[in-house]
Each structure stands twice: as structure tokens, then as C-alpha cells.
Amino acid sequence: MNGGEPVAVWAEHSAIGHRYEELLADGTVLAWTEPPVGEPLHEGADDPDHNPICVCPGQWPTAFCIECAGCSACAQCSCPRPRLLGDDGS
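Residues numbered from 1 in each chain as written. Predicted model: local features only at pLDDT ≥ 70, side-chain atom pairs only at ≥ 80, totals over all residues. Heavy atoms only, no water.

## Describing the pairing of strand β2 (residues 17-24)
Next, step 1: One ladder, built from eight bridges, connects strand β1 (residues 6-14) with β2; its direction is antiparallel. Bridging from a neighbouring strand, E12 pairs with R19 of β2.
Next, step 2: Joining the antiparallel neighbours β1 and β2 is a turn of two residues.
Next, step 3: Pairing analysis gives six bridges linking β2 to strand β3 (residues 29-34), with the strands arranged antiparallel. (Pairing = 2+ DSSP bridges. Helix = DSSP H or I, 4+ residues; strand = E, 2+ residues; numbered from the N terminus.)

## A word on the sheet that holds β3
As a general point, the strands of a sheet are linked pairwise by backbone hydrogen bonds and lie either parallel or antiparallel.
Next, step 1: The strand order across the open sheet built from three strands is β1-β2-β3, with neighbouring strands paired in antiparallel fashion. In this open sheet, the two strands that pair with only one neighbour each are β1 and β3. Averaged over all pairs of adjacent strands, the angle between strand axes in this sheet comes to 10°, irrespective of strand direction. (Axes fitted to C-alpha atoms, helices over the stretch in contact; angles between N-to-C directions.)

## Looking at a nonpolar patch on the surface
Next, step 1: On the surface, V7, L23 and V29 cluster together into a nonpolar patch covering about 250 Å² of accessible area.
Next, step 2: Among the structural elements, L23 can be located in strand β2.
Next, step 3: The partly exposed category is assigned to L23, whose relative accessible area is 34%. (Patch = residues over 30% accessible without salt bridge, like charges linked within 9 Å, V, L, I, M, F, W, Y side chains within 5 Å. Areas by Shrake-Rupley, 256 points an atom, 1.4 Å probe, with all protein chains shown as cover. Salt bridge = Lys/Arg side-chain N within 4 Å of Asp/Glu carboxyl O. Buried < 20%, exposed > 50% of the residue type's maximum accessible area, 1.4 Å probe, protein only.)

## A short note on the packing of aromatic side chains
Next, step 1: According to the stated counting rule, one finds one aromatic pair in the structure shown.
Next, step 2: Centre to centre, the rings of Y20 and W32 are 5.5 Å apart; their planes meet at 25°, and the pair counts as stacked. Of the two residues, Y20 is situated in strand β2 and W32 in strand β3; the sequence distance between them amounts to 12 residues. (Phe/Tyr/Trp six-rings, centres within 6.5 Å; stacked < 30°, edge-to-face > 60°.)

No statement about biological role is implied by the geometric values presented.
Here it is, written out as C-alpha cells:
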């Protein structure tokens, strides 16, 4: 850590989530929140059709490019010849 070791730690837990704060030795305060236990970090992430990478239906991109980590089917991939996941390269 840049600010040194924590000298004080504060945590608040409620039904809507958890908030944490740390006071570091240099006076810097680090603060973050987390969802309640069992809840997803991002809204919709628990949906069986949630796809965090692109707008392709389902949980995974239709054509995931290994080179740029984008979806070729959604035009995220700008590689001239995308190397797709599962493609044997021939």
C-alpha cells in the first residue's frame, strides 16, 4: 500500500450491503462497498442470460476473439483476422 498500514478500520453491515473504510497511517481513507452476502456484485449478474462482455444473447459472446478479447459478432473486435475461441487456427 502507498499510504502504509491501516490504523483504523470501520465496517457497517446492513440489509442493502456492506460499507468498509480504512484510515491509513498517512491520513488517506480507503472506502468501498460490497453487496449483501449471496447477491451479485453487478445488477443482473445473477440472470442466467447475463453476458458482461457484449450484447449477444446468452451468457457468452457468440464469437469471442482471443487476440483482443472482444466479440467479433458484435463488432467489438477490430482484428483483421480474428482468432476465435475454439478455432484451431486452420
